[in-house]
Amino acid sequence: MGRLDDRVAVVTGAGSGIGLAAARRLTADGARVACVDIDGDAAKRAADELDGLAITADVTSPEDVTRIYASTDERYGRIDIALHNAGISPPEDDSILTTGLDAWRRVQEVNLTSVYLCCQAVLPYMQRAGRGSIVNVASFVAVMGSATSQISYTASKGGVLALSRELGVQFAREGIRVNALCPGPVNTPLLTELFAKDPERAQRRLVHVPMGRFAEATEIAAAIAFLASDDASFITASEFLVDGGISGAYVTPL
Ligand SMILES: NC(=O)c1ccc[n+]([C@@H]2O[C@H](COP(=O)([O-])OP(=O)(O)OC[C@H]3O[C@@H](n4cnc5c(N)ncnc54)[C@H](O)[C@@H]3O)[C@@H](O)[C@H]2O)c1
């Protein structure tokens, strides 16, 4: 028996990185998973591997977002878990001194407005069921500042954290838990691509992680599966840090 047997999960950004690892872990724990991605081939590959439902959708589009939950409910008849994970970290989002308004707005749309849209769309299904677990992916930069700035990304993740906290409080008595998962730096294409362009920047970050390494996506996925499950039944509105100690460090071990 898996701890997520009979549960149905929606995972946005399931085509790569943390989302793919989470879709795999939720499936391994017994859930049926709707794999959502703007990259239709990647969504299909994930869904084929996991015997799930592939949904090609742009999480910044209100129509697409409505369709994500409607088609999942139509296929499986319920939605227990929503992992809002799709996000971007483009190189043109940098210091506030050089980041243009277009780059700022694009990152806000994909990282923050999408979470607003997705929560707004899924909550009625969870209210109908009288239960549910929403996990919104924020970041450790929601709780601490970085001198190697990505100003819009950081602000968007702060927004995800504040939004999740408030929803957790608002819907607590309806059996719906909402948590913000805050990963430390993870070994995924998003980070690899960003740092391949600037290895010095990678080193500047790595030195601050007490564990001396980036997380593997499977380690973040394990935390997501926990928050999604009844093992986390008294955890809501939390800032759930899975960061190798980075946010607790004053100095790091040699
Ligand atoms: N990698 C890290 O170090 C790290 C650290 C903290 C938080 N995060 C967060 O974790 C989440 C996942 O990051 P990742 O590293 O796995 O990234 P990734 O680039 O490997 O995967 C992101 C996925 O989201 C999809 N996506 C992008 N825009 C979309 C849109 N508009 N609609 C639907 N899908 C879209 C992409 O196609 C991709 O498959 C992001 O929210 C990111 O900010 C990552």
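In this report, we go over the structure that sits alongside the text. (Residues numbered from 1 in each chain as written. Predicted model: local features only at pLDDT ≥ 70, side-chain atom pairs only at ≥ 80, totals over all residues. Heavy atoms only, no water.)

1. Section: the environment of leucine 163
Our working definition: Numbering goes from the N terminus for both helices and strands, where a helix is a DSSP run of H or I of at least four residues and a strand is a run of E of at least two. Pairs of residues are marked as contacts when any of their non-hydrogen atoms sit within 4.5 Å.
Residue placement: leucine 163 occurs in helix H5 (residues 151-170). Separated by 68 residues in the primary sequence, leucine 163 and serine 95 place their C-alpha atoms 24 Å from one another. Discounting chain neighbours no more than four positions away, the residues touching leucine 163 are Leu112, Val115, Tyr116, Cys119 and Asn136.

2. Regarding the sheet that holds strand S1 (residues 8-12)
For clarity, the threshold we go by: Any two strands are treated as partners once DSSP identifies two or more bridges connecting them. Each axis is a line fitted through C-alpha atoms, taken for helices only over the stretch in contact, and angles between the N-to-C directions span 0 to 180 degrees.
Read across the open sheet, the 7 strands follow the order S3-S2-S1-S4-S5-S6-S7; overall the sheet is parallel. Pairing within the sheet leaves two strands with one partner each, and these edge strands are strand S3 (53-56) and strand S7 (239-242). Within this sheet the neighbouring strands show an average axis-to-axis angle of 20°, counted without direction. Helix-sheet contacts for helix H4 (residues 101-129) involve S1, strand S4 (81-84), strand S5 (132-137) and strand S6 (176-183), and the interaxial angle to S5 is about 170°. Relative to the sheet, H5 contacts S5, S6 and S7, its axis offset from that of S6 by approximately 155°.

3. Let's talk about the site of the ligand
Quick reminder of the rule: Neighbouring residues are identified by heavy atoms, a residue being near a molecule or strand if any of them is within 4 Å of it. What qualifies as a polar contact is a pair of N or O atoms within 3.5 Å, subject to a donor-acceptor requirement within protein and to the restriction that residues adjacent in sequence count only when both atoms come from side chains. Charged means Asp, Glu, Lys or Arg here, nonpolar means Ala, Val, Leu, Ile, Met, Phe, Trp, Tyr, Cys or Pro, and polar covers whatever is left, Gly included.
Residues in close proximity to the ligand total 28 residues, the closest being Ser16, Asp37, Tyr153, Val186 and Thr188. A distance of 2.9 Å is found between a nitrogen atom of the ligand and a side-chain nitrogen or oxygen belonging to aspartate 58. Between the ligand and lysine 157 there is a distance of 2.9 Å, counted from an oxygen atom to a side-chain nitrogen or oxygen. Mapped by element, the contributors of at least two residues to the shell around the ligand are helix H1 (17-28), H5 and helix H6 (189-196). Residue contributions to the shell around the ligand peak at 3 residues, all from H6. Residues belonging to the shell around the ligand are distributed by class as follows: 16 nonpolar, 9 polar and 3 charged.

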